[in-house]
Amino acid sequence: MASFQIGMRSSALLESSCGYLLQELQMIWDEVGEDQFEREKVLVDLEQQCLEVYRRKVDNANISRARLHQELAESEAEFTHLLLSLGERSLPGRPERKSGTLKEQLDAITPALQEMRSRKEERVNQFRSVQGQIQKISAEIAGQSVYDDSITNVKVNENDLSLKKLEEYQIELQRLHNEKNDRLQLVDTYIDTIHDLSSTLGMESSMIITKVHPTLNELCGISKNISDSILDKLNSTVESLKEEKQKRLEKLHQLGKALKNLWNLMDTPYKDCHSFSNVTDLLSLSPAEVSDPGSLALNIIQQAEAEVKRLDQLKASKMKELFFKKQSELDQICKKSHMEIPSQPEMENIVNLINLGEIDHADLLMSLDEQISRAKEEASSRKAIMEKVERWILARDEERWLEEYSMDEKRYSVRRGAHKNLQRAERARVIVNKIPVLVASLVTKTESWEEERNKVFLYDGVPLLAMLEEYNLSRQEMEEEKQRHRVSPSNTLQAKLLYIFYPKCLLSIFCNVDLLVSIKKINLPRSKMNFIFLTCCVIRWLLQHRKRRPRAM
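Residues numbered from 1 in each chain as written. Predicted model: local features only at pLDDT ≥ 70, side-chain atom pairs only at ≥ 80, totals over all residues. Heavy atoms only, no water.

Mind showing me how you'd approach the environment of Leu-465 here?
Tracing the backbone through its elements, the reader meets Leu-465 in helix H14 (residues 464-484). Remark: the alpha-carbon pair of Leu-465 and Thr-446, spanning 19 residues in sequence, is separated by 7.2 Å. The contact partners of Leu-465, leaving out residues within four places of it in the chain, are Val-443, Thr-446, Glu-447 and Glu-450. (Helix = DSSP H or I, 4+ residues; strand = E, 2+ residues; numbered from the N terminus. Contact = heavy atoms within 4.5 Å.)

Sorry if this is basic, but what is going on with the nonpolar core here?
One recurring pattern in soluble globular proteins is that nonpolar side chains are buried together. Among the nonpolar cores identified, the biggest contains 60 residues, and Leu-216, Leu-234 and Leu-252 are the most heavily contacted of them. Counting residues per element, the ones that place at least two in this core are helix H2 (36-86), helix H3 (102-142), helix H4 (163-201), helix H5 (205-212), helix H6 (228-266), helix H9 (298-336) and helix H11 (361-407). Looking at this core, the element that brings in the most residues is H6, giving 13 residues. Discounting residues that sit within four places of it in the chain, Leu-252 has contacts with Val-279, Leu-282, Ser-295, Leu-296, Ile-300 and Ile-301. Membership of the second largest hydrophobic core comes to 24 residues, among which are Ala-425, Ala-428, Val-432 and Val-439. (Core = buried A, V, L, I, M, F, W, Y, C linked by side-chain atoms within 4.5 Å. Buried < 20%, exposed > 50% of the residue type's maximum accessible area, 1.4 Å probe, protein only.)

Explain the packing of helix H13 (residues 435-453) against H14 here, please?
Helix packing geometry: the angle between the two helix axes and the distance between the axes. Contact pair H13 / H14: the axes reach a minimum separation of 10 Å and the direction vectors enclose 155°. Relative to H14, the element H13 is oriented roughly antiparallel. Seen from above, H13 lies across H14 with left-handed handedness. The segment H13 lies against H14, with Ile-435, Pro-436, Val-439, Leu-442, Val-443, Thr-446, Glu-447 and Glu-450 engaging Leu-464, Leu-465, Leu-468, Tyr-471, Asn-472 and Arg-475. Classifying every residue of the contact of H13 with H14 by side-chain character gives nine nonpolar, two polar and three charged. (Axes fitted to C-alpha atoms, helices over the stretch in contact; angles between N-to-C directions. Parallel < 35°, antiparallel > 145°, perpendicular 65-115°, else oblique. Left-handed = near helix turned anticlockwise from the far one by under 90°. Nonpolar A, V, L, I, M, F, W, Y, C, P; charged D, E, K, R; others polar.)

Would you mind showing me how to read the UniProt feature "coiled-coil region" (unreviewed entry) in the chain here?
Cross-referencing UniProt, the feature "coiled-coil region" (unreviewed entry) maps to residues 51-78, 159-186 and 231-262 in the present numbering. For residues 51-78, the end-to-end C-alpha separation is 40 Å, with 100% helix and 0% strand making up the annotated structure. Secondary structure across residues 231-262 divides into 100% helix and 0% strand, with the first and last C-alpha atoms of the span separated by 46 Å. (UniProt positions renumbered as here; feature names shortened; annotations may be inferred.)

For this particular structure, what's the right way to read H13?
An α-helix turns once every 3.6 residues. As a result, residues three or four positions apart point the same way. The end-to-end C-alpha distance of H13 is 26 Å, a good match for the 27 Å that 19 residues give at a rise of 1.5 Å each. Those residues of H13 lying buried are Ile-435, Leu-438, Val-439, Leu-442, Thr-446, Trp-449 and Glu-450. Angular distribution of buried residues about the axis of H13 spans 95°; they occupy a single face of the element. Residues of H13 that are exposed and point more than 90 degrees away from the buried face comprise Val-437, Thr-444, Glu-451 and Glu-452. (Expected span 1.5 Å × (residues − 1). Arc of directions from axis to C-beta.)

What exactly am I supposed to notice about the side chain of Arg-248 here?
Along the chain, Arg-248 falls in helix H6. You can call Arg-248 buried: its relative accessible area is 6%. Among the polar contacts listed, one links the side chain of Arg-248 to the backbone oxygen of Leu-296, at a separation of 2.9 Å. Sequence-distant contacts of Arg-248, that is, excluding residues within four places in its chain, are made with Leu-201, Met-203, Leu-296, Ala-297, Leu-298 and Ile-301. (Polar contact = N/O pair within 3.5 Å; in protein donor to acceptor, adjacent residues only side chain to side chain.)

I'm lost on the packing of aromatic side chains in this one. Help?
Within this structure, the stated rule accounts for three aromatic pairs. Aromatic side chains Trp-449 and Phe-457 sit 4.9 Å apart centroid to centroid with 80° between the ring planes, which places their arrangement in the edge-to-face category. Grouping residues by exposure puts Trp-449 and Phe-457 together as buried. Residue placement shows Arg-382 over the ring face of Phe-457; its charged tip is 3.9 Å from the ring centre. Note that Arg-396 overlies the ring of Trp-392, its terminal NZ or CZ placed 4.6 Å from the centroid. (Phe/Tyr/Trp six-rings, centres within 6.5 Å; stacked < 30°, edge-to-face > 60°. Lys NZ or Arg CZ within 6 Å of the ring centre and 35° of its normal.)

In structure tokens, the structure reads:
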């Protein structure tokens, strides 16, 4: 209503002004005497000009209204787009209905639109920050050495600025953070392993790490490269160092064993061996257990190799001595057990091979040790039989002495030591009587030994069973010979009675009464004891009778 009144007032004012001016123009025309045609023409021009002014004003007003409509529509569209891009359904401050003039509607939506724009800008900054971090970490993981971390280079999709999308980016960022931390930990683990292995191997770890990538060196001052290629290089470096550690440890194991063998062969003093205890101590350790700094350094290996080479040179000169020492030990074992001794030509051939250097010393000594071990084992198995063999040999000696004693016609004569021979003869008879049982037992044990060992039991190179069989045959023949040549007791008695009158030195022996008593105590058969005692009594009587006879002048 107010705008209509303003229009009426403007129209009235316009009519009064135009009418006044038109009256003044007519007065001028009247005074001038302008014709009617010119007057009509001027009025038509004036009317046309007024219409054009009105038309321009109306056109401008239409343009302004259209612009307002467009601005309102654009604001509405932008508002709606912001709601959709931000993932929000509505805004509490937004007008719900279209009421009032265009300017009022535009003024009503402008604050809500400004707030949405602020929210959008804030959300875009959040997206840009998160996406920038994602791009930066992704570049670090990809191993890009140069990365422009300027936020302006981050492109944000403004059509989707919802919280859900932002959460997805944040989840992705967290995943990348975790992956980055895992990679950093893995890199640190690799670097620590390289430090430990390099320390054990006596190598410079910083050069090895820098060779993999300069950024891995702590002195570089920039972030570490954690790309897949760097991880692969670190892994291959660690594996190569482990292989080198394994090779060096195996080398030192070989050198340590060689040193111990050479020390044992040459009886090296402890003080000379102690300087290489760091090598021999590694023999019982696995690669995982070796971690001392410099324990596998190249200079350790070189020193051990030089020592092995030096000892090898000494070993060649002492090999003969060691060989003869072990040969002597083997000979003693064989001689003690009466086993077969290695042939002399074979030993001479081995000595020639040692001189020519055509035989492995370690193998030779190992072979001798094995022979000594087998000889000791065989000697141990022969021990029970050899004890019986020694008893048999002693019994055979006693048997031989008794046989000789029995063949002696003067065994009952009066002479010094005759009673001792009588005692020994009695003991010898006891031993000889046990020989058949001893020989039978010896044959049984020997046959069992040969069956178990599947070899012949040799005694000084001769089969023992053959010796026993020969002995049994000879013993049997001897018994048969005794049976054929046995003499009667009467002839023996006459021979002894005639012999008692021989030299005085023999007769004086029986002047001792204690001797007669000792003879009587000998455990002899009754008949023999009576004969000896009677003979002694006759001799004693004759001696006394001769002492009473006067000496011839």
